[in-house]
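# Breakdown of the fold
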Amino acid sequence: MAAEAAAPKRSAGRKLAGLFYGRPRLQVGSLLAGPVGWLVIGYLGSLAVLLITAFWSVDALSGEVVEEFGLENFEAIWNEPVYRDIIGRTVGVAAAVTVTDAIIAFPIAFYMAKVASNRGKALLVVGILLPLWSSYLVKVLAWRTMLSNEGIINWALEPFGLSGPGYGIVAVWLVMSYLWLPYMILPIYAGLERIPNSLISASEDLGAHPLTTFRRVILPLSFPAVVAGSIFTFSLTLGDYITPRLVSSDQFIGNVIFNNITNNQPFAAALAVVPIMVMIAYLLVARRLGAFEHV
Amino acid sequence: MRRDAHSARTAWLIVAGLVAFMLVLAGCGGGDDDTTGASADSGETLQKLGKGEGQVNLISWAGYVEPGWSKPFEQKTGCKVNNKVAGTSDEMVALMRTGEYDGVSASGNATARLFEGGDVAPVNVDLVPNYKTVFSDLKDQPYNTFDDQPYGIPHGRGANLLMWNDDDVSPAPTSWDVILDPKIASKYAGKISVYDDPIYIADAAVYLKMHEPDLGIENPYELNDEQFEAAVNLLKEQASNVGEYWSEAEKQISAYANGDATVGTTWQYQYFALLEEKEPVAASPASQGFLPKEGATGWSDTWMISNEAKNPNCMYEWMNWIIEPKVNAEVAEWFGEAPAQSLACDETENANFCADYHADNPAFWERVYYWETPLADCGDGSEDCKDYNEWVKAWTSIKG
Amino acid sequence: MRLSKRATWVLRTGVGLGLAFIYIPLIVVGIYAFNASGTTQKWPPPGLTLDWFPKALEDESVRESFLTSVEVGLVATLIAMLLGTLASLAVARHRFFGRETISFLVILPIALPGIVTGVAFSNTFTQVLGIDLSLFTVIVGHATFCIVVVYNNVIARLRRSSASFEEASADLGADTWQTFRHVTLPTMKTALVAGGLLAFALSFDEIIVTTFTLGAGDETLPIWIFRNLFRPNQLPVVNVVALLVILISIIPVYLAHRLSSDEGGVTGGKGGGDVKAEATAVP
């Protein structure tokens with residue numbers, strides 16, 4: 001340590017730092033001004049402006065928004081059965097994709113976290129992350145090609161007398177499970193890594209069968225991480241309209257919003273309220289389950 | 001715990017306050033932008049052709065703007081062509097409303113909307129020399145003339161085709177019932193390919209005009225409750241047999257080529273592309289006027305110029321170029337539609353092209369129902385026809 | 001964990017199948033990059049050819065859109081890194097009202113459907129602010145949903161490192177900036193970079209928000225791909241481009257992993273967590 005250090009010069013930076021000293025609220029304020037301003041005014045504000053239009057309607061010919069307050073859009077969504085079908089279909093597929101991905105991801109993440117050697121771990125992490133860099137569109141198109149009548153799936157199943165699912169809801173479920181799998185693997189891997197090995201050893205020392213250890217130690221401890229991963233798989237499926245368009249003819253929430261956004265923005269905004277509410281509810285539950293520490 | 005709940009609540013109150021602030025801002029700023037009515041800027045028709053601006057931003061149907069004629073245009077005028085292909089009229093209207101494009105090749109179910117929305121300007125036809133020799137039954141039509149002013153330059157016209165895979169569909173269909181009659185359509189369940197746009201309801205109406213005359217359908221775009229419901233129900237039945245609703249032309253091409261589609265509605269563009277790939281597709285022959293026996297819906301497309309065009313001079317050059325006799329001939333033969341330019345008939349590679357495509361035969365076009373914007377105004381005094389908003393809503397229900 | 005040989009074998013098979021599931025479609029993409037047919041993608045492909053590679057490399061629009069994507073990604077990532085760091089510093093090191101809601105707020109842009117975010121932004125830009133759509137508007141959109149990625153990585157690291165190092169630095173006479181530069185920043189540096197790389201990947205491949213916030217003359221790589229996805233004789237070029245992007249991206253992915261594994265892994269730490277804070281004494 002330097003013995004006789006001269007007092008540092010009072011530069012402008014230091015003077016400014018002095019302003020912050022002892023004023024924690026000023027510190028926090030200036031730290032948060034940027035991000036919170038951006039997110040609240042920029043993002044939430046934009047959302048609010050969009051959602052306000054949900055109460056308006058549109059002139060059929062000119063396409064101009066008629067700024068008169070009314071609930072017709074919401075009534076239409078509530079009364080017309082097709083929207084209930086579409087919402088049900090979307091939420092159902094989102095749930096199916098989430099469960100599927102959790103089941104596929106867990107063994108992989110477990111192997112990476114607890115069984116693989118260091119080198120194996122590194123290779124696997126890189127191997128899981130690499131597909132995230134390949135274009136989403138190209139991946140969906142690859143699946144469209146594979147699922148087509150003369151695609152690889154039918155070709156492979158033909159000798160067994162079977163045929164692939166073709167296009168449709170099954171295809172959408174399959175492709176979405178494929179696309180979002182890395183988003184589920186990574187948080188679970190992180191969560192499993194955080195479980196001290198000593199806990200597992202202790203459980204084994206106490207005489208528990210590996211399955212019991214898994215059920216009563218590992219699963220509960222890693223559950224928040226699974227929920228964290230599910231936020232992505234659920235939300236990404238909920239809002240997607242490109243995949244349903246490319247591998248099916250079924251309408252999902254994203255599709256009807258997309259179809260209406262150009263000519264009837266108020267109606268599209270009213271439709272958008274549904275996934276927004278669903279996601280906010282999902283996030284609140286996820287936060288309760290501790291997922292936010294694991295995202 | 002209590003302190004956390006209190007602070008969280010305060011935080012949300014602050015968030016709400018800031019959001020309210022944003023809304024006020026929106027109210028002050030956004031109010032003026034929506035009121036550009038048709039009257040506002042329509043006085044800005046170009047009076048004199050000036051120097052090109054160096055580029056032109058177009059929205060067009062697939063196959064309308066191809067290097068074969070856009071590259072020579074760029075060389076001749078120095079206007080670089082930036083083209084965005086749109087799949088449906090809805091897309092075109094939406095894109096035009098952004099004000100980022102100079103022009104669009106609009107069909108009849110877009111032109112009226114663009115005019116009412118104040119998105120397009122009248123065209124000064126004196127600045128488009130080639131307009132004089134355009135077929136007269138394309139001028140001053142209700143879909144390209146508003147307020148007694150021409151609002152665009154005709155591009156060409158055609159009918160929607162019924163196309164099928166010759167190996168899989170027999171006998172060769174002569175009627176739309178192969179995809180609209182539930183008994184026949186179910187033979188091809190899962191392989192039917194239908195245009196993904198609410199305007200397709202008119203196709204069902206055209207079918208019902210012949211097969212259920214009691215409904216009294218005259219104009220397939222002006223349907224009252226009863227007629228509309230019949231058309232919608234027909235399409236709902238069809239939906240269970242439809243394999244894919246298409247809006248990108250290329251997507252349909254690959255569907256037919258891969259055997260995922262064997263029969264459906266299409267444009268000549270896809271038909272020619274598949275023939276070139278030696279795929280076994282067939283459509284109603286020229287001897288039948290390319291039409292199944294009920295007739296068909298079709299389109300007569302018009303190049304319109306945006307009210308907020310940043311490159312108006314280049315746009316006028318484009319509009320004149322596209323109906324240049326040699327160019328319009330190339331355009332028509334490439335896509336497979338009837339040219340708008342009468343002098344193009346001497347320039348086509350196939351000497352019988354114009355005859356085959358009935359370019360100079362107004363009587364033929366009586367069986368083709370050009371796309372139009374459905375309005376509440378039935379044209380006969382009553383106002384209870386279904387407007388386009390209803391068509392859009394119904395289309396969502398049809399697809400399920 | 002002690003597993004029986006059979007259990008390990010079963011696990012290994014599961015992992016193998018999972019990896020096969022992940023990579024088979026990518027291999028199919030790779031094969032179709034050599035597809036002899038320009039218009040259809042049947043299986044098996046009619047033949048193989050190298051013709052598409054020079055076409056892809058010569059195509060000007062490929063290069064332009066690639067560079068645009070890189071440009072947008074870099075700027076959006078920088079903004080996200082800045083805002084994400086600020087937010088995580090506030091949440092990890094201070095107590096204030098509304099602290100719990102910051103995590104919620106930050107994750108919202110990525111949790112809500114992309115089409116909602118895209119349309120909301122597009123609406124605000126064109127109607128409320130009256131400005132044209134351009135690369136700037138795209139960057140704003142991308143930065144917004146990238147904040148969460150940086151935020152999560154940095155805050156995880158900050159939570160694992162002790163605040164006492166910073167306090168010690170202050171006790172030794174360092175002002176706020178010096179403490180940040182010499183104590184805090186080195187601690188979170190690799191987490192920041194790992195988060196930044198992930199944010200860049202997110203922005204690079206994004207299409208939905210981009211569709212709604214892009215101006216007429218610009219094009220990012222995903223937009224280019226979407227435009228060419230069904231054009232005849234362009235589809236194999238698209239596959240070539242996708243293949244090349246995957247191959248090129250091995251570098252940043254590997255880099256990201258190496259950087260974060262130095263300080264505990266891209267997603268977290270082992271067991272209790274290793275902390276190697278490089279606190280350098282202020283002279």
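Structural data are supplied above this passage.
Summary of the structure given here. (Residues numbered from 1 in each chain as written. Chains lettered and ligands numbered in written order. Predicted model: local features only at pLDDT ≥ 70, side-chain atom pairs only at ≥ 80, totals over all residues.)

What follows deals with the overall build of chain A. Across its full length, chain A holds 13 helices and two strands. Against the globule reference of 19 Å for 295 residues, chain A gives a C-alpha radius of gyration of 26 Å, more extended than a compact globule. Of all 295 residues assigned to chain A, the portion counted as buried reaches 51%. Contacts in chain A between residues far apart in sequence, at least 24 positions, make up 71% of those at least 6 positions apart. (Helix = DSSP H or I, 4+ residues; strand = E, 2+ residues; numbered from the N terminus. Rg over C-alpha atoms; globule rule 2.2 N^0.38 Å. Buried ≥ 20, exposed ≤ 12 C-beta atoms within 10 Å, placed from the backbone. Contact = placed C-beta atoms within 7 Å.)

With that settled, the discussion passes to the overall build of chain B. Along the backbone of chain B there are 14 helices and 15 strands. In summary, chain B has a C-alpha radius of gyration of 24 Å against a globular reference of 21 Å for 400 residues, a match within 12%. Across the 400 residues in chain B, those meeting the buried criterion constitute 52%. In chain B, once contacts between residues fewer than 6 apart in sequence are set aside, the share between residues at least 24 apart is 72%.

This brings us to the packing of helix 13 (residues 265-288) of chain A against helix 4 (residues 99-111) of chain C. Viewed as axis vectors pointing N to C, helix 13 of chain A and helix 4 of chain C meet at an angle of 135°, and their least axial separation amounts to 11 Å. Of the possible angle classes, the one that applies to helix 13 of chain A and helix 4 of chain C is oblique. Of the two elements, helix 13 of chain A crosses helix 4 of chain C, and the hand of that crossing is right-handed. The segment helix 13 of chain A lies against helix 4 of chain C, with Met279(A), Leu283(A) and Arg287(A) engaging Phe104(C), Ile107(C) and Ala111(C). By residue class, the composition of the contact of helix 13 of chain A with helix 4 of chain C is five nonpolar, no polar and one charged. (Axes fitted to C-alpha atoms, helices over the stretch in contact; angles between N-to-C directions. Parallel < 35°, antiparallel > 145°, perpendicular 65-115°, else oblique. Left-handed = near helix turned anticlockwise from the far one by under 90°. Nonpolar A, V, L, I, M, F, W, Y, C, P; charged D, E, K, R; others polar.)

Between chain A and chain B, the contact holds 26 residues from the first and 30 residues from the second. The set of elements that each furnish at least two residues to the side of chain A that touches chain B consists of helix 2 (24-52) and helix 4 (81-115) of chain A. With seven residues, helix 2 of chain A is the single largest residue contributor to the side of chain A that touches chain B. Class assignment of the residues belonging to the side of chain A that touches chain B gives a composition of twelve nonpolar, ten polar and four charged.

Residues and elements named next belong to chain B. Burial along strand 3 (residues 103-106) is two-sided: Gly 103 and Ser 105 facing one way and Val 104 and Ala 106 facing the other are all buried. With two bridges joining them, strand 1 (residues 55-60) and strand 3 adopt parallel strand pairing. By the bridge assignment, Ile 59 is partnered in strand 3 with Val 104. As paired elements, strand 3 and strand 13 (residues 296-306) share four bridges and run antiparallel to each other. Counted as the bridge partner of Ser 105 is Trp 303 from strand 13. (Pairing = 2+ DSSP bridges.)

To continue, consider the interface of chain C and chain A. Each side of the interface is counted separately: chain C has 77 residues, and chain A has 80 residues. Elements represented by at least two residues in the side of chain C that touches chain A include exactly helix 1 (5-32), helix 3 (60-93), helix 4, helix 5 (114-128), helix 6 (135-160), helix 8 (176-205), helix 10 (221-228) and helix 11 (235-262) of chain C.

Once that is clear, we can look at the environment of Ala92(C). Residues and elements named next belong to chain C. Locating Ala 92 in the fold gives a position in helix 3. You can call Ala 92 partly exposed: it has 19 C-beta atoms within 10 Å. Those residues in contact with Ala 92, other than ones at most four positions away along the chain, are Ile 155, Leu 158 and Arg 159.

With that settled, the discussion passes to the packing of helix 2 of chain A against helix 3 of chain C. It is at 8 Å that the axes of helix 2 of chain A and helix 3 of chain C come closest, and there the two elements cross at 130°. As judged from the angle between their axes, helix 2 of chain A and helix 3 of chain C are oblique. Where helix 2 of chain A crosses over helix 3 of chain C, the two elements pack in a sense that is left-handed. Residues Val28(A), Leu31(A), Leu32(A), Gly34(A), Pro35(A) and Trp38(A) of helix 2 of chain A form the contact with helix 3 of chain C, whose participating residues are Leu83(C), Leu86(C), Ala87(C), Leu89(C) and Ala90(C). Grouping the amino acids of the contact of helix 2 of chain A with helix 3 of chain C by side-chain chemistry returns ten nonpolar, one polar and no charged.

The next thing to look at is the pairing of strand 10 (residues 242-246) of chain B. Residues and elements named next belong to chain B. Counting buried positions along strand 10 gives five out of five residues, so the element sits mostly inside the fold. Alignment of strand 9 (residues 192-195) against strand 10, held across four bridges, turns out to be parallel. Looking across to strand 10, one finds that Ser 193 is bridged to Glu 244.

The subject of this paragraph is the sheet that holds strand 11 (residues 263-266) of chain B. Residues and elements named next belong to chain B. Ordered in space as 10-9-11-8-12, the five strands form an open sheet in which the pairing is mixed. The sheet is open, and its two borders are formed by strand 10 and strand 12 (281-283), each paired with just one other strand. Along the sheet, successive strands turn relative to each other by an average axial angle of 30°, direction set aside. Summarising the sheet, strand 9 and strand 11 pair through two bridges and their orientation is parallel. Bridge pairing in strand 11 links Ser 193 to Gly 264. The strands that helix 9 (residues 249-257) touches are strand 8 (161-165), strand 9, strand 10, strand 11 and strand 12; relative to strand 10, the one it contacts most, it runs at about 150°.

Another aspect to go through is unusual backbone geometry. Residue and element names in this part refer to chain B. The step from Ser 170 to Pro 171 runs through a cis peptide bond, and the omega angle for that step is 0°. When you line up the elements, Pro 171 lands in the loop between strand 8 and helix 5 (177-180). Even without a glycine there, the phi angle at Asp 140 is positive, about 55°. Mapped onto the elements of the fold, Asp 140 is located in the loop between strand 4 (120-121) and strand 5 (145-146). By the C-beta count within 10 Å, which is 11 here, Asp 140 ends up exposed.

Turning our eyes to something else, we now look at the environment of Ala96(A). When you line up the elements, Ala96(A) lands in helix 4. It is 50 Å that separates the C-alpha atoms of Ala96(A) and Arg23(A), two residues lying 73 residues apart in sequence.

Turning our attention to helix 1 of chain C. All names here are of chain C. A rise of 1.5 Å per residue sets the reference length of helix 1, with its 28 residues, at 40 Å; its end C-alpha atoms lie 40 Å apart and thus fit the reference within 8%. Maximal helix bending in helix 1 amounts to about 30°, located at Tyr 23; proline Pro 25 follows within four positions. Every buried residue belonging to helix 1 is among Val 15, Gly 18, Pro 25, Val 28, Val 29 and Tyr 32, and all of these are buried. (Expected span 1.5 Å × (residues − 1). Bend = angle between axes of the 7 residues up to and from the residue.)

Interpretation note: all reported values are geometric properties and have no functional meaning in isolation.
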